[in-house]
Amino acid sequence: MVGLVSPLPHGTPVLEARGVRRVFAHRGPVGGETVANDNLDLTVHAGEVVALLGPNGAGKSTFLRQVAGQLLPSAGTIRVAGVDIVAHPVEAKQFLSVIPQECEPIRELTAAEQVRYFGAIKGIPRAELESRVEGILHDVGLWDQKDKIVRELSGGFKRRVLIAIAMAAGSPRLLLLDEPTTGLDPEARRQVWQLIRDLRRRGLGILLTTHYIEEAELLADRVVVISGGRFIVQGTVDEIRGRLPYRGRLIVLGADRLRPEAAEELKALERRWTVSLREPATVWFEVSDPFNPETVGVLARLTSLGVMASLRPVSLEDAYLSVVAPSEALA
Ligand SMILES: Nc1ncnc2c1ncn2[C@@H]1O[C@H](COP(=O)(O)OP(=O)(O)OP(=O)(O)O)[C@@H](O)[C@H]1O
Ligand SMILES: [Mg+2]
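A short tour of the structure in this document, coming up. (Residues numbered from 1 in each chain as written. Chains lettered and ligands numbered in written order. Predicted model: local features only at pLDDT ≥ 70, side-chain atom pairs only at ≥ 80, totals over all residues.)

## Focus: the overall build of the protein
On a plain count of helices and strands, the protein comes out with eleven helices and 14 strands. In terms of principal-axis extent, the alpha carbons of the protein reach across some 80 × 50 × 40 Å. Residues counted as buried form 38% of the 331 residues belonging to the protein. At a minimum sequence separation of 6, the contacts of the protein that also span at least 24 residues come to 72%. (Helix = DSSP H or I, 4+ residues; strand = E, 2+ residues; numbered from the N terminus. Buried ≥ 20, exposed ≤ 12 C-beta atoms within 10 Å, placed from the backbone. Contact = placed C-beta atoms within 7 Å.)

Structure representation (structure tokens):
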């Protein structure tokens, strides 16, 4: 690896946030204040991806901006690679790579020019600049595209340029990505996922936000759910899925077009099992174990009656909805 300077051993804390809070005073004659977040504790380690999930306005970007030293916390402490971001912002920012929620590369420069430009601004010494730029372009998979004007790159490669720019910090340890794949097509999203995995393997700690729950399910070593400015659940994907009182779903499609015998069978099932979603054509059942013989037997019987039915384990999205919007979840 050329671009990253002496990565920390996997497992070393690169972010330690304790008791973080932010209050915004309202402007205008009425006054008042908004508590955007409160009492947030989070540790991110080298070689780890942590996904921050939560509804619009939950406080995700506010937290990332506090960690990035762009917004002062009203209370609490934040250490990046062991350095307090409030007390020593210049030193701490050497260890930070940040991509804000709304941000575009400069469209008229080539990929290489962008990285060189931002590397120079961020104080990479002139003697090191060329080799660092080369290393970063290799690290993010942009080497073959380096001389292309950014305007002509696909969306996925434009995100890579943003990540490359972010990497042009002194010695990045912590990468903050606010919705890195929003608006990308499925292929471009996969390219960005691969890049995130590569950077994790190379020892960066990565904190990202996303509204794509399956993105967190695929990428994150740990997930943190924030709602109303507070972390309400933290854990591995398995731990969070395990909080649901059921392990799987039986899903029936075409429920409004069933033969009489199949309709009877479905009605009988609705009396025995909990229904978590009922629409004219679709019924979702909660099942305690999607793999036990009785459940599989029910599926086989439905299928033999011509019902389009399937079994699947619970997803992170099931668990997310149950904690973020319990009343609306699947209702
Ligand atoms: N500069 C600001 N001044 C006043 N209030 C703010 C400011 N920035 C954010 N807020 C408020 O803080 C709360 C959290 O906003 P934030 O942008 O962190 O949410 P988010 O979780 O990133 O949402 P989204 O998913 O929509 O990006 C919101 O109530 C927002 O209105
Ligand atoms: Mg946001």
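## Some remarks on the pairing of strand β12 (residues 275-278)
The sheet contact formed by β12 and strand β13 (residues 283-287) spans three bridges and is antiparallel. What sits directly across from leucine 277, in β13, is tryptophan 284. What sits between β12 and β13 in their antiparallel hairpin is a turn of four residues. (Pairing = 2+ DSSP bridges.)

## Observations regarding the packing of helix α3 (residues 111-121) against helix α4 (residues 126-139)
If you want to describe how two helices pack, look at the angle between their axes and the distance between the axes. Where α3 meets α4, the axes come as close as 10 Å, and the angle between the chain directions of the two elements is 125°. Classed by the angle they form, the pair α3 and α4 counts as oblique. Read as a crossing pair, α3 and α4 show a hand that is right-handed. Along the contact surface, α3 presents Ala111, Ala112, Val115, Arg116, Gly119 and Ala120, while α4 presents Leu129, Arg132, Val133, Ile136 and Leu137. (Axes fitted to C-alpha atoms, helices over the stretch in contact; angles between N-to-C directions. Parallel < 35°, antiparallel > 145°, perpendicular 65-115°, else oblique. Left-handed = near helix turned anticlockwise from the far one by under 90°.)

## Section: the sheet that holds strand β5 (residues 83-84)
The strand order β2-β1-β4-β5 describes an open sheet built from four strands, whose pairing is antiparallel. The outermost strands of the open sheet, each flanked by one partner alone, are β2 (33-45) and β5. In this structure, strand β1 (residues 13-25) lies alongside strand β4 (residues 75-80), joined through five bridges in antiparallel fashion. Bridge assignment links leucine 15 to a residue of β4, and that residue is valine 80. Packed onto the sheet, helix α1 (residues 60-67) meets β1, β2 and β4 and runs at close to 120° relative to β1.

## Concerning the nonpolar core
With 75 residues, the main nonpolar core has Ala164, Leu174 and Leu176 as its most contacted residues. Residue contributions to this core peak at eight residues, all from helix α5 (residues 155-167). For leucine 176, the contacting residues outside a window of four places in its chain are Leu64, Val67, Ala68, Leu96, Val98, Ile99 and Leu207. Core analysis: the second largest hydrophobic core is formed by ten residues, Ala255, Val283, Val287 and Leu302 among them. (Core = buried A, V, L, I, M, F, W, Y, C linked by C-beta atoms within 7 Å.)

## So, the site of ligand 1
Around ligand 1, a shell composed of Phe24, Thr34, Ala36, Gly54, Asn56, Gly57, Ala58, Gly59, Lys60, Ser61, Thr62 and Gln101 is seen. Every element with two or more residues in the shell around ligand 1 is listed here: β2 and α1. Broken down by element, the shell around ligand 1 gets its largest block of residues, three residues, from α1. (Near = placed C-beta within 6 Å.)

## Thoughts on the environment of threonine 182
On the secondary structure map, threonine 182 appears in the loop between β7 (174-178) and α6 (186-201). Spatially, the C-alpha atoms of threonine 182 and histidine 26 are 29 Å apart, while their sequence positions differ by 156 residues.

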